[in-house]
Amino acid sequence: MSPRGSIRVVIVDDHPLFRQGLRQAIEGDTRFEVVGEAGRGDAAVDIVLQQKPDVAVLDVNLPDMNGLELAGRLKAKKAKARVVILTMLKDEQLFNQALNLKIHGYVLKENAAAEILSCIAAIAEGEAYVSPSLTDFLLRRRGRTEELAHKRPGLDDLTVAERRILKRIAAGKTTKEIAAEFFISPRTVESHRANICDKLSLTGSNRLLQFALEHRDSLSHLD
């Protein structure tokens, strides 16, 4: 936070008028301070790394990259800003992709004026915030997770290492990539994969990959 104790915010949106209106709304609350803004993802990376905001508000549609891709780049750069995604689309697939990336806030642009202050305040305190109009998406996501746990009770028997590896498989990572991430040998990863298959009763050379990709959203909470 800044010396005066306010929550530092960066705004990233390629529409100047919308960005200006959002800035006015945020700075109208003494809890917040806008420390930077950008209209492109590449510029946003530099600003976030330089200004070190508490919260980055990212439009999902930018000229040079997707807002979720930008969030991924910030995460790879070890930026500590908590992320809010703004979108005009009530799209369940996009919503699930954002949650899979552990995005902290998700707000529809049509509701931004009414919700953005509550959203920023909530996620700055370590909470999550999703536009209330997207509650159905959350309920369906939770329902799929509970259904999968019922169908595959062996999920509860997975070790921490096996859960982490299953999540990476669901993200499309190869054995070699998983081994490099966890500083273990590919043979160890293959051993974990075999154990996961046994516990989940999965047979066939590609069955584990098929299962992980099919249930990617439900497995995103693993770790």
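Note: the structure precedes this text.
What counts as what
- Every chain is numbered independently, its residues counted from 1 as its sequence is written.
- In view of the model being predicted, local features appear only for residues whose pLDDT reaches at least 70, and side-chain atom pairs are presented and counted only at 80 or more, with totals across whole chains, interfaces and linings using the full set of residues.
- Values shown for side chains rest on all heavy atoms present in the structure; no hydrogens or waters enter the calculation.
- By the criteria applied, helices consist of DSSP H or I runs no shorter than four residues and strands consist of E runs no shorter than two, each listed in order from the N terminus.
- Each residue's exposure class comes from its accessible area (1.4 Å probe, protein chains only) as a fraction of the maximum for that residue type: buried when under 20%, exposed when over 50%, partly exposed otherwise.
- Axes here refer to lines fitted to C-alpha atoms; in helices the fit is confined to the stretch in contact. Angles between the N-to-C directions go from 0 to 180 degrees.
- For classification purposes, angles smaller than 35 degrees are called roughly parallel, those larger than 145 roughly antiparallel, those between 65 and 115 roughly perpendicular, and all remaining angles oblique.
- Each crossing gets its handedness from the near helix: less than a right angle anticlockwise from the far helix is left-handed, clockwise is right-handed.
- When checking whether two residues touch, look at their non-hydrogen atoms; a contact exists if any pair is within 4.5 Å.
- Within this scheme a cavity is a closed region of a 1 Å grid, computed over the protein atoms alone, that accommodates a 1.4 Å probe without allowing it to escape, whereas a pocket is open but has protein on both sides within 12 Å along at least five of seven lines; lining residues each have an atom within 4 Å of a point.
- Grid points are joined across faces, edges and corners, and a volume is the space filled by probe spheres set on the points.
- Two strands are said to pair when DSSP picks up at least two bridges between them.

Asks: Residues and numbers for the environment of Asn 61, please.
Replies: Within the element layout of this structure, Asn 61 appears in the loop between β3 (55–59) and α3 (67–76). Looking at Asn 61, the relative accessible area reads 46%, which means it is partly exposed. Each C-alpha atom of the pair Asn 61 and Asp 13 lies 8.0 Å from the other, and the pair is 48 residues apart in sequence.

Asks: Explain the packing of helix α1 (residues 16–27) against helix α5 (residues 112–124) residue by residue, including any values.
Replies: When two helices pack together, their arrangement is given by the angle between their axes and by how far apart the axes lie. At their nearest, the axes of α1 and α5 sit 10 Å apart, and the two run at 50° to each other. Considering the angle they form, α1 stands oblique to α5. With respect to the hand of their crossing, α1 and α5 are arranged in right-handed fashion. Two secondary-structure elements touch here, α1 through Phe 18, Leu 22, Ala 25 and Ile 26 and α5 through Ala 112, Ile 116, Leu 117 and Ile 120.

Asks: I'd like a description of the layout of surface pockets, backed by residues and values.
Replies: Of the voids in this model, the largest pocket is the one considered here, and its volume is about 820 Å³. Lys 75, Asn 100, Leu 101, Lys 102 and Lys 167 are the residues nearest the centre of the largest pocket, which is lined by 29 residues in total. For the lining of the largest pocket, the secondary structure elements donating two or more residues are α3, β4 (82–87), α4 (92–100), α7 (160–170) and α11 (216–219). With 5 residues, α3 is the single largest residue contributor to the lining of the largest pocket.

Asks: Before we move on, could you go through the sheet that holds strand β2 (residues 32–38) and cite the residues and values that matter?
Replies: Taking strand neighbours across the sheet as the criterion, the 6 strands line up as β2-β1-β3-β4-β5-β6 in an open arrangement whose pairing is parallel. Here the strands that pair on one side only, and so sit at the sheet edges, are β2 and β6 (129–130). With 4 bridges joining them, strand β1 (residues 7–12) and β3 adopt parallel strand pairing. Residue pairing in the sheet places Ile 11 in a bridge with Val 57 of β3. Those strands touched by α3 are β1, β3 and β4, and its axis lies near 150° from that of β3.

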